[in-house]
Amino acid sequence: MGLKLFNTLSRSIQEFAPLAPPKVGMYCCGPTVYDFAHIGNWRTFVFGDLVRRTLEFKGYAVTHVMNITDVEDKIIKHVRETKTSLREFTGKYEAAFLEDLKTLNCRLPHHTPRATEYISEIISLIEKLVQRGIAYKAADGSVYFSIEKYRGCGCTYGQLLKLNFDEMKAGERVKSDEYAKESVADFALWKARGPEDGDVFWPSPWGEGRPGWHIECSAMSTKILGPSFDLHLGGEDLIFPHHEDEIAQSEGATGKPFVKHWLHGAHLLVEGKKMSKSLGNFFTLRDLLAKGFIGREIRYLLLTAHYRETFNFTLEGLQGARAALARIDECLGKLREIGSLGVPPSGGSPVTPPEGGTPNLMAAFSAALDDDLNISAWGAVFEWVRETNRRLAENSLGATDAAFALAAWDKVDSVLGIGTKSGAEIPAEILALAEARTAAKKVKDFKRADAIRDELKAKGWVIEDTPKGPKLKKN
Ligand SMILES: [Zn+2]
């Protein structure tokens, strides 16, 4: 069974079929760096990370691009209000974003292009649209995308959602980056410099100005991934107008299909309500860390809901996440005690545990992922934890079983990314010493074995010989 994902383009679950496997080009709309990202934003970014990790788990070679929107309407407003330079203002939030990405254990994208560093690509893309008669310069000096001309070329505007063109008012246009589908209109590609823009402007064939938000993503994605690529994702609030406009600009300029699979993550409520600063339910990642929660607890909670379901994020849920992780950690801790000194699986990927091993975690987990990233994958994890605990309790799990179970867990966690509780891991150096001691005892070099035991003690670890073999404990 292959990986199946819901494609917003076809509004159905489809087999994931990249254009040139095993390569996958994946573009995620990144942050607009005018503030710290909030927990709703983080749901989308963690979802993007889940997609990337799933593809890598399935053996694809992913090129992951996430742009940094460092020039758009809201940013300019803040730059004006704070009287800083554009770079100074956005640099601070960009650094915070990348730091938060690490806190949530998201794999860093291979490319994080900044819009301001792609101005010449943006201008040449607009020039192409002007040459093809799809874009025009209006009396206000700005360049707009003509929906009428685009449709006249036989192209479809309204691929991700159905639009009612009969209700459209002819000749309307919109300059701001955000607008509702009720006001479908020609949108700005290049915005002529206005007094409110301050020092934020670049020269162009149409005069001084700055790019619109939508064209930024078309220029950066096609420059890095080519005119057609496999996967584009973002939050569902970006479907219109942002993603619809991205399709129109890219296909209008290249004449080629832009993206094969569109994936959208659903909204998030906080404490049952739409997040808002006035309701006091607005949390950035940093707000939650200040309350004493840690990155893996937040990541775990965000991954407990299917990405296409609206999710109610609560502080109580975070407490629950802490308890759930403690159960996993406890089980892994016991497995490590037994398995760390057992025979590690040699070579290849230890997918199938030997006869009598723990239930096949990998198979159940992989099947759940194939089903549109069905998060019931956690069901597979907890079933495995229960069964493993049962076998641990009845002492029927040997060192080899434990080593296989841990290796399977590591593969599963390469997707989940919840990692281990800090401090729970036995450092490689300590393990190596313990193994050296076992080897010394085997050849009856007890002097050396004792010296290693002392060395371990000096490093804060006690080694005990049990009927099942040596066990390491922190002093
Ligand atoms: Zn975008």
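Look up a bit, the structure's there.
We now turn to the structure provided with this report. (Residues numbered from 1 in each chain as written. Predicted model: local features only at pLDDT ≥ 70, side-chain atom pairs only at ≥ 80, totals over all residues. Heavy atoms only, no water.)

### Points about the environment of F313
Moving on, step 1. Relative to the elements of secondary structure, F313 occurs in strand β14 (residues 311-313).
Moving on, step 2. Aside from chain neighbours lying at most four places away, what touches F313 is I39, L268, L269, V270, E271, L288, L301, L302 and L318. (Helix = DSSP H or I, 4+ residues; strand = E, 2+ residues; numbered from the N terminus. Contact = heavy atoms within 4.5 Å.)

### Overview of the coordination of the zinc ion
Moving on, step 1. At 2.0 to 2.2 Å from the zinc ion lie its protein donor atoms, namely C29 (SG), C217 (SG) and H242 (NE2).
Moving on, step 2. In primary-sequence terms, the residues that donate to the zinc ion follow C-x187-C-x24-H. Placement of the pair is C29 in the loop between β3 (23-28) and α1 (39-57) and C217 in helix α6 (residues 213-225), with a sequence separation of 188 residues. The pair formed by C29 and C217 is uniform in burial state, with each residue classed as buried. (Donors = N, O, S within 2.8 Å, 3.2 Å for Na, K, Ca; no water. Buried < 20%, exposed > 50% of the residue type's maximum accessible area, 1.4 Å probe, protein only.)

### Regarding the packing of aromatic side chains
One pair of aromatic rings is described through two measures. These are the centre distance and the angle between the planes.
Moving on, step 1. For the structure shown, the criterion picks out 20 aromatic pairs.
Moving on, step 2. Residues Y179 and F240 carry aromatic rings whose centres are separated by 5.8 Å and whose planes lie at 90° to one another, so their mutual orientation is edge-to-face. In this pair, Y179 is assigned in the loop between β7 (173-174) and β8 (186-192) and F240 in helix α7 (residues 239-254), connecting sequence segments 61 residues apart.
Moving on, step 3. A relative accessible area of 11% means that Y179 is categorised as buried.
Moving on, step 4. Arranged with centres 6.5 Å apart and planes meeting at 85°, the rings of F311 and F313 form a pair that is edge-to-face. Of the two residues, F311 and F313, neither departs from the other in class, the shared state being buried.
Moving on, step 5. Grouping aromatic residues by their ring pairs yields a cluster made of Y27, F229, F258 and W262.
Moving on, step 6. Between the NZ or CZ atom of K277 and the centre of the ring of F282, over which it lies, the distance is 4.8 Å. (Phe/Tyr/Trp six-rings, centres within 6.5 Å; stacked < 30°, edge-to-face > 60°. Lys NZ or Arg CZ within 6 Å of the ring centre and 35° of its normal.)

### Concerning the sheet that holds β14
Moving on, step 1. The sheet built from 3 strands is open, its strands ordered β13-β12-β14 with mixed pairing. Each having just a single partner strand, β13 (273-274) and β14 make up the two edges of the open sheet.
Moving on, step 2. Taken together, the 3 bridges between strand β12 (residues 268-270) and β14 define a ladder with parallel strand orientation. Bridge assignment links V270 to a residue of β14, and that residue is F313. (Pairing = 2+ DSSP bridges.)

### Focus: the side chain of N281
Moving on, step 1. Relative to the helices and strands, N281 resides in the loop between β13 and α8 (285-290).
Moving on, step 2. In terms of polar contacts, N281 uses its side chain to reach the backbone carbonyl oxygen of K273, at 3.5 Å.
Moving on, step 3. Among residues more than four places away in sequence, those in contact with N281 are V270, K273, K274, M275 and S276. (Polar contact = N/O pair within 3.5 Å; in protein donor to acceptor, adjacent residues only side chain to side chain.)

### Some thoughts on the nonpolar core
Moving on, step 1. Of all hydrophobic cores here, the largest spans 73 residues; its most connected members are I39, W42, F313, W378 and W409.
Moving on, step 2. Residues in contact with W378, not counting those within four places in the same chain, are Y300, L303, T304, I328, L416 and I418. (Core = buried A, V, L, I, M, F, W, Y, C linked by side-chain atoms within 4.5 Å.)

### What to know about helix α2 (residues 73-82)
For an α-helix, the turn length of 3.6 residues means that residues three or four places apart are oriented alike.
Moving on, step 1. Burial in α2 covers these residues: I75, I76 and V79. For α2, the arc enclosing every buried residue in end-on projection is 100°, short of the 170-degree limit, so these residues lie on one face.
Moving on, step 2. Close packing links the buried residues of α2 with α3 (86-103) and β9 (209-211).
Moving on, step 3. Of the residues flanking the end of α2, it is K83, one or two places downstream, whose phi is positive at about 55°. (Arc of directions from axis to C-beta.)

### Focus on the packing of α1 against helix α9 (residues 295-302)
Moving on, step 1. It is at 10 Å that the axes of α1 and α9 come closest, and there the two elements cross at 80°. The angle between α1 and α9 falls in the class roughly perpendicular. Two secondary-structure elements touch here, α1 through I39, W42, R43, V46, D49 and R53 and α9 through I298, R299 and L302.
Moving on, step 2. Taken together, the residues of the contact of α1 with α9 break down into 5 nonpolar, no polar and 4 charged. (Axes fitted to C-alpha atoms, helices over the stretch in contact; angles between N-to-C directions. Parallel < 35°, antiparallel > 145°, perpendicular 65-115°, else oblique. Nonpolar A, V, L, I, M, F, W, Y, C, P; charged D, E, K, R; others polar.)

### With respect to the environment of V412
Moving on, step 1. Among the structural elements, V412 can be located in helix α13 (residues 399-416).
Moving on, step 2. Residue V412 is classed as buried on the basis of its relative accessible area of 0%.
Moving on, step 3. What V412 contacts, discounting residues up to four positions off in sequence, is L361, M362, F365 and V381.

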